[in-house]
Amino acid sequence: MKPIFLTQFLIEEQRAMGKITPDLRLLLEVVTRACKRISIAVGKGALGGVLGDAGTGNIQGEAQKKLDVISNDILLEANEWGGHLAALASEEMDHPHPIPEQYPKGGYLLLFDPLDGSSNIDVNVSVGTIFSVLRKPEGGSASSEDDFLQPGTQQVAAGYCVYGPSTTLVLTIGNGVHQFTLDRELGSFVLTQRDMKIPADTKEFSINMSNERFWEAPVKRYIDECVAGKDGPRGKDFNMRWVASMVADVHRIITRGGVFMYPLDSKTKDKGGKLRLMYEANPMSFIIEQAGGAATTGRERILDITPSKLHQRVPVIMGSKNEVDLVTSYH
């Protein structure tokens, strides 16, 4: 069968009842080209001198890896000049990054986590890039943080790249979820799965069990029931899988089902949660819901949250719909 490349796929979506605009198509192509460059940098590992700490910290107070900084710079440089964006925001930067004056401005906003799971990079575990696209509000200032504070339901596109044994792009433009695999010889993303669907039921859960002593009662109840297996109230055995790289854990769930949890607990309660709403929870929730799954904080649908600040954190429970609904009901 003749391969369908990402550009062809996007052009066909653009033609089909105008599901995406030409500017959005070009923006997505630029972002994915940047992901190819990040994939090359990740793939070189120690040979490229890119492993280890950068000696700096981000706004969350986390130590930055060299590849965090490199990936952030790649995405900034790739997207500044194209004319599709009004501004960018990154998990690694304190404030939004306006498009430099010498370049034309566009009607979209781009948010990204340039290298999710980077704490794993030195041990050669899969990491990835997560991105989200919003429309710039009418009359908004290009560099205003308020422009970005839109609920996840306003996203026009979201996706992630996993840099593992193969480089995989998973993308939604609000018309299902589609997977592309990077053909390294051609340098192109090729469509390898259309309309991905998450099974509603599962026998796998993904959570950091070392935090059990900090969990709230509803989460502890759910996990205890899963661990009890066939002899417990669920009547079936569950497996636990935990990579500690969100893109890897969520990609497994989109591929074969499961529930991913980074819930509210006593350790993260004062911060509102662990994961970032704008850079991680919103784009992943958009993708999960488009694939037939569900995503909540345990108390509310993630995509309905109106952000109060750019680097806001939230609890996350996402994946197979029936399991997410059950955990949420326990709250």
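Everything quoted here is computed from the prediction, not taken from an experiment.

## Examining the packing of helix α2 (residues 22–44) against helix α3 (residues 66–80)
Part 1 of the reasoning: Across the interface, α2 lies against α3 with an axial gap of 9 Å and an inter-helix angle of 150 degrees. It follows from the interaxial angle that α2 and α3 lie roughly antiparallel. In terms of crossing hand, the pair formed by α2 and α3 is right-handed. Residue-level inspection shows Leu27, Val30, Val31, Ala34, Arg37, Ile38, Ala41 and Val42 of α2 in contact with α3, the latter providing Leu67, Ser71, Ile74, Leu75, Glu77, Ala78 and Asn79.
Part 2 of the reasoning: Partitioning the contact of α2 with α3 into residue classes produces 11 nonpolar, two polar and two charged.

## Structural notes on the sheet that holds strand β12 (residues 239–240)
Part 1 of the reasoning: As summarised here, the arrangement of the five strands in space is β12-β11-β13-β17-β15, forming an open sheet in which the pairing is mixed. Looking along the sheet, the strands with just one partner apiece sit at the ends: β12 and β15 (294–296).
Part 2 of the reasoning: Against the sheet, helix α7 (residues 321–330) contacts β13 (259–262), β15 and β17 (316–319), and its axis sits at roughly 25 degrees relative to β15.

## Considering helix α5 (residues 246–256)
Part 1 of the reasoning: Burial within α5 is extensive, with nine of its 11 residues counted as buried.
Part 2 of the reasoning: Taken together, the buried positions of α5 are Met246, Val247, Ala248, Asp249, Val250, His251, Arg252, Ile253 and Ile254.
Part 3 of the reasoning: A positive backbone phi angle near 95 degrees is found at glycine 257, which sits one or two residues after α5.

## Brief notes about the sheet that holds strand β4 (residues 97–98)
Part 1 of the reasoning: Read across the sheet, eight strands follow the order β4-β3-β5-β6-β7-β8-β9-β10 without closing on themselves; strand pairing throughout is mixed. Where the open sheet ends on each side, the last strands, each with one partner, are β4 and β10 (188–193).
Part 2 of the reasoning: As defined by bridge partners, strand β5 (residues 108–116) adjoins strand β6 (residues 127–135) across seven bridges and the pair is classed as antiparallel. Following the sheet pairing, phenylalanine 112 is matched in β6 by phenylalanine 131.
Part 3 of the reasoning: Its contacts with the sheet put α3 on β3 (85–90), β4, β5 and β6, and the angle it makes with β5 is roughly 155 degrees.

## Things to note about the pattern of salt bridges
Part 1 of the reasoning: Under the defined criterion, the tally for this structure stands at 14 salt bridges.
Part 2 of the reasoning: Across the salt bridge formed by arginine 276 and glutamate 91, the nearest N and O atoms sit 4.0 Å from each other. Placement of the pair is arginine 276 in strand β14 (residues 275–276) and glutamate 91 in the loop between β3 and β4, with a sequence separation of 185 residues. Accessibility classification places arginine 276 together with glutamate 91 in one group, the buried group.
Part 3 of the reasoning: Salt-bridge contacts for glutamate 289 lead to arginine 301; the nearest nitrogen and oxygen are separated by 2.7 Å.

## Remarks on the packing of aromatic side chains
Part 1 of the reasoning: One pass over the structure, following the stated rule, counts three aromatic pairs.
Part 2 of the reasoning: On the numbers, 5.2 Å between centres and 75 degrees between planes, the contact of phenylalanine 9 with phenylalanine 180 is edge-to-face. Separated by 171 residues along the polypeptide, phenylalanine 9 in helix α1 (residues 6–15) and phenylalanine 180 in strand β9 (residues 177–183) bring together distant segments of the chain. Taken individually, phenylalanine 9 and phenylalanine 180 each receive the classification buried, so the pair is uniform in this respect.
Part 3 of the reasoning: Centre to centre, the rings of tryptophan 242 and phenylalanine 260 are 5.9 Å apart; their planes meet at 15 degrees, and the pair counts as stacked.

## Things to note about the environment of leucine 326
Part 1 of the reasoning: One can find leucine 326 in helix α7.
Part 2 of the reasoning: Here the alpha-carbon distance between leucine 326 and aspartate 195, two residues 131 residues apart in the chain, equals 25 Å.
Part 3 of the reasoning: Setting aside residues no more than four positions away along its own chain, leucine 326 makes contact with Tyr222 and Arg234.

## Some words on the state of the cysteines
Part 1 of the reasoning: One pass over the structure, following the stated rule, counts zero disulfides.
Part 2 of the reasoning: No disulfide involves cysteine 35; its nearest neighbouring cysteine sulfur is the one of cysteine 161, lying 3.8 Å away.

Definitions and cut-offs
Residues numbered from 1 in each chain as written. Predicted model: local features only at pLDDT ≥ 70, side-chain atom pairs only at ≥ 80, totals over all residues. Heavy atoms only, no water. Axes fitted to C-alpha atoms, helices over the stretch in contact; angles between N-to-C directions. Helix = DSSP H or I, 4+ residues; strand = E, 2+ residues; numbered from the N terminus. Parallel < 35°, antiparallel > 145°, perpendicular 65-115°, else oblique. Left-handed = near helix turned anticlockwise from the far one by under 90°. Contact = heavy atoms within 4.5 Å. Nonpolar A, V, L, I, M, F, W, Y, C, P; charged D, E, K, R; others polar. Pairing = 2+ DSSP bridges. Buried < 20%, exposed > 50% of the residue type's maximum accessible area, 1.4 Å probe, protein only. Salt bridge = Lys/Arg side-chain N within 4 Å of Asp/Glu carboxyl O. Phe/Tyr/Trp six-rings, centres within 6.5 Å; stacked < 30°, edge-to-face > 60°. Disulfide = S-S within 2.5 Å.

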